[in-house]
Amino acid sequence: MDKKSKMQAEKHLTGTLVLSVFTAVLGFFQYGYSLGVINAPQKVIEAHYSRVLGIVPPDRHATGAAGEDGTVPIPGTEPWGTTAGTLASPADTSGDLAASPHVLTMYWSLSVSMFAVGGMVSSFTVGWIGDRLGRVKAMLVVNVLSITGNLLMGLAKFGPSHMLIIAGRAVTGLYCGLSSGLVPMYVSEVSPTALRGALGTLHQLAIVTGILISQVLGLDFLLGNDEMWPLLLGLSGVAALLQFFLLLLCPESPRYLYIKLGKVEEAKKSLKRLRGNCDPMKEIAEMEKEKQEAASEKKVSIRQLFTSSKYRQAVIVALMVQISQQFSGINAIFYYSTNIFERAGVDQPVYATIGVGVVNTVFTVISVFLVEKAGRRSLFLAGLMGMLISAMAMTVGLVLLSQFTWMSYVSMVAIFLFVIFFEVGPGPIPWFIVAELFSQGPRPAAIAVAGFCNWACNFIVGMCFQYIADLCGPYVFVIFAALLLVFFLFAYFKVPETKGKSFEEIAAVFRRKKFPAKAMIELEDLRGSEEA
């Protein structure tokens, strides 16, 4: 960020803008908390399930770790060489004692995975509810789902606990599916161009903060015990209540008011609240251009998003950045972390895992400052390459672990580096770059599709990793390294730089993707008109 842009950013950073962004990203805090909270009290909740269902619990090896983007590994995905308590042995395939662990495993798997299912279902309605109610009202309304889901889990001991938790996780997933689309939409629309990237990374910061807090509160001497686990599961309802009341103080998106509703004066008032004493006319003029462009085209549906050549390149990029986030191997790294810490002789591996969470949070904060200085594309590429190298180091460490005990420390260092590089780019950038790639017309549909893709990949990774790990053993990270190489090459050739560009400038690059020279001429014309 140059000196002029920095001065403009500081000028536009008002108290109302800070409040609005903070309030919105509380939705992502709930997302992170809900993803991470279910893992820590796993043994305690399973023991409660077994008492309620009258079955014998398996001796499960709990990981005590959550994925960096928030995905918690589905139970039963024990890595090679660890206790696979969730699966009966071949000699134990009949009889009540064999059936009981499978029943318990089924209920626990549903307790974890229904969250992702809820997110997939609701993600497609983001555009509709965001346009129908407005960004702020929509976030207000969907908070009812979060409060309801958290109440169901918080009161789990007063009824059939397994059913209440599964239902609560599903309802909370519905909320997070909607929130994960509405929040980036709102934040990108209220943020000035100079701050759009930095404020966009706060999504990921909120997620990792939620995960870290859930890990800490899940320690057995705090809330992760037999008496307090319902409170632990339902505690993000407090954040939902806080967000609900703070949203009453937040202005509606000026872009939504001006472009969607045509309320010019209300849009100006909203801009003045968000920008302070700055003249709103420059942004109003930009919105007018965007409105005219949106008026010249019919409303963009999800089907049109895929069938129209105008949006095809941007849609492919939007989907690929979501896939690269989830299929990068971050969940596998976190899944293996506790086991590797145990092999390295760490007495309390859960604290080491929390240490990884702290490093994760710290580097997410650092990425807030890096994203506007280095640019989205550069950080995304650097992060993917760093993760690729770390994945290869992890493979070497795991393969040679049985021969050289000190290789466990190589694996530990690789874990920390993998997490750091993830937070540099592939972690935060996919959450906000989709909103930057599309103008007002196709943006809601694009965010809905990207959100569904993210949730679907989240679910696939959790359900399939067990079989991949069993098949490949310590070489599982070779697969992730290969995927990271594919993602790097795609990003290098296809992902544009969106730093400091208006939505129209970004769209101009995609409009004539087949003719790069014309695209650059159009981009320079747009920049020249803005400077004039």
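This structure is a prediction, so every number in the text was calculated from the model and none was measured. (Residues numbered from 1 in each chain as written. Predicted model: local features only at pLDDT ≥ 70, side-chain atom pairs only at ≥ 80, totals over all residues. Heavy atoms only, no water.)

Colleague: Where do I start with the overall build of the protein chain in this structure?
Modeller: Secondary structure summary: the protein chain contains 25 helices and 0 strands in total. A fraction of 81% describes how many contacts in the protein chain between residues 6 or more apart in sequence connect residues 24 or more apart. Summed over all atoms, the accessible surface of the protein chain reaches about 21,000 Å², with 68% contributed by carbon and sulfur. (Helix = DSSP H or I, 4+ residues; strand = E, 2+ residues; numbered from the N terminus. Contact = heavy atoms within 4.5 Å. Areas by Shrake-Rupley, 256 points an atom, 1.4 Å probe, with all protein chains shown as cover.)

Colleague: Please clarify how helix H3 (residues 42–53) should be interpreted in this entry.
Modeller: Residue pairs three or four apart in sequence face the same way in an α-helix, which turns once every 3.6 residues. Across its 12 residues, H3 extends 16 Å between first and last C-alpha, which sits within 8% of the 16 Å expected from 1.5 Å per residue. Restricting attention to buried positions, one finds in H3 the residues Gln42, Val44, Ile45, Glu46, His48, Tyr49 and Ser50. Directly after H3, the chain includes Gly54, whose backbone phi takes a positive value near 70°. (Expected span 1.5 Å × (residues − 1). Buried < 20%, exposed > 50% of the residue type's maximum accessible area, 1.4 Å probe, protein only.)

Colleague: Teacher, can you tell me more about the packing of helix H2 (residues 15–37) against helix H7 (residues 161–190) here?
Modeller: Two packed helices can be described by the angle between their axes and the distance between those axes. For the pair H2 and H7, the least separation of the axes is 9 Å and the interaxial angle reads 150°. Taken together, the axes of H2 and H7 are roughly antiparallel relative to one another. Regarding H2 and H7, the two cross each other, and that crossing is left-handed. Contact residues: H2 offers Leu17, Ser20, Val21, Ala24, Val25, Gly27, Phe28, Gln30, Tyr31, Ser34 and Val37, while H7 offers Arg169, Thr172, Tyr175, Cys176, Ser179, Ser180, Val183, Pro184, Tyr186, Val187 and Val190. Residues of the contact of H2 with H7, tallied by class, amount to 14 nonpolar, 7 polar and 1 charged. (Axes fitted to C-alpha atoms, helices over the stretch in contact; angles between N-to-C directions. Parallel < 35°, antiparallel > 145°, perpendicular 65-115°, else oblique. Left-handed = near helix turned anticlockwise from the far one by under 90°. Nonpolar A, V, L, I, M, F, W, Y, C, P; charged D, E, K, R; others polar.)

Colleague: Is there a simple way to think about the pattern of salt bridges in this case?
Modeller: Any two side chains of opposite charge can pair if their charged atoms end up close together. In total, this model carries 7 salt bridges according to the counting rule given. Notably, a salt bridge pairs Glu265 with Lys268, separated by 3.9 Å at the nearest N-O pair. Taken together, the residues Glu265 and Lys268, both in helix H13 (residues 264–275) and 3 residues apart, mark about one turn of the helix. What makes Lys268 partly exposed here is its relative accessible area of 21%. Linking Arg275 and Glu283 is a salt bridge whose minimum nitrogen-to-oxygen distance equals 2.6 Å. With relative accessibility at 3%, the residue Arg275 sits in the buried group. Linked by salt bridges that have partners in common, Asp131, Arg135, Glu189 and Lys260 make up one network. (Salt bridge = Lys/Arg side-chain N within 4 Å of Asp/Glu carboxyl O.)

Colleague: Would you take a moment to explain the confidence of the model for the protein chain for this structure?
Modeller: Predicted coordinates in areas of low pLDDT are best not read in detail. Averaged over all residues, the pLDDT of the protein chain is 78; the fraction at 70 or higher stands at 79%. The low-confidence segment residues 57–99, where pLDDT is below 50, has 118 contacts with residues more than four positions distant or belonging to other chains. (pLDDT = per-residue confidence, 0-100.)

Colleague: For this particular structure, what's the right way to read the packing of aromatic side chains?
Modeller: Note on aromatic pairs: each is described by the distance of the centres and the angle between the planes. What the rule picks out here adds up to 11 aromatic pairs. An aromatic cluster is defined as three or more aromatic residues linked by ring pairs; in this entry it consists of Phe28, Tyr31, Phe115 and Trp455. Between Lys291 and the ring centre of Tyr258, over which it is positioned, the NZ or CZ distance is 5.2 Å. (Phe/Tyr/Trp six-rings, centres within 6.5 Å; stacked < 30°, edge-to-face > 60°. Lys NZ or Arg CZ within 6 Å of the ring centre and 35° of its normal.)

Colleague: Would you mind showing me how to read the side chain of Arg376 here?
Modeller: Tracing the sequence through the fold places Arg376 in helix H19 (residues 376–399). The residues touching Arg376, leaving out its near neighbours within four places in the chain, are Arg196, Gly197, Val371, Ile429, Phe432, Ile433, Glu436, Glu497, Thr498 and Lys499.

Colleague: How should I be thinking about the environment of Leu140 in this particular structure?
Modeller: Along the chain, the position of Leu140 falls in helix H6 (residues 135–154). The class of Leu140 is buried, set by a relative accessible area of 14%. Excluding anything up to four places from it in sequence, Leu140 contacts Phe244, Leu247 and Leu248.

Colleague: Help me understand the side chain of Ser324 in this model?
Modeller: Tracing the backbone shows Ser324 in helix H16 (residues 309–326). Since its relative accessible area comes to 1%, Ser324 is described here as buried. At 2.8 Å, the side chain of Ser324 and the backbone oxygen of Val321 are in polar contact. Once residues lying within four places of it in the same chain are set aside, the contact partners of Ser324 are Phe380 and Phe487. (Polar contact = N/O pair within 3.5 Å; in protein donor to acceptor, adjacent residues only side chain to side chain.)

Colleague: Where do I start with the packing of H16 against helix H23 (residues 476–494) in this structure?
Modeller: One way to put it is that H16 packs onto H23 with a least axis distance of 11 Å and a crossing angle of 150°. It follows that H16 is roughly antiparallel to H23 by the angle criterion. Both H16 and H23 take part in a crossing whose hand is left-handed. In this structure, H16 contributes Gln313, Ile316, Val317, Met320, Ile323 and Ser324 to the contact, and H23 contributes Phe487, Phe490 and Lys494. Class assignment for the residues of the contact of H16 with H23 results in 6 nonpolar, 2 polar and 1 charged.

Colleague: Where do I start with H7 in this structure?
Modeller: Taking 1.5 Å as the rise per residue, H7 with 30 residues should run 44 Å; its terminal C-alpha atoms sit 42 Å apart, in good agreement. The axis of H7 is deflected most strongly, by about 25°, at Ser179. Counting buried positions along H7 gives 27 out of 30 residues, so the element sits mostly inside the fold. (Bend = angle between axes of the 7 residues up to and from the residue.)

Colleague: Mind showing me how you'd approach the nonpolar core here?
Modeller: Most often, soluble globular proteins have nonpolar side chains that are buried together. By size, the foremost hydrophobic cluster in this structure holds 97 residues, and its most contacted members are Tyr31, Leu305, Val434 and Phe438. Ignoring anything within four residues of it in the chain, the contact list for Leu305 reads Val300, Tyr311, Arg312, Val315, Phe438, Pro442, Ala445, Ala446 and Val449. (Core = buried A, V, L, I, M, F, W, Y, C linked by side-chain atoms within 4.5 Å.)

Colleague: So what exactly am I meant to see when it comes to the environment of Ala374 here?
Modeller: As for its placement among the helices and strands, Ala374 is situated in helix H18 (residues 349–374). With 125 residues separating them along the chain, Ala374 and Lys499 place their C-alpha atoms 8.7 Å apart. Beyond its immediate chain neighbours, meaning those up to four positions away, Ala374 contacts Leu379 and Glu497.

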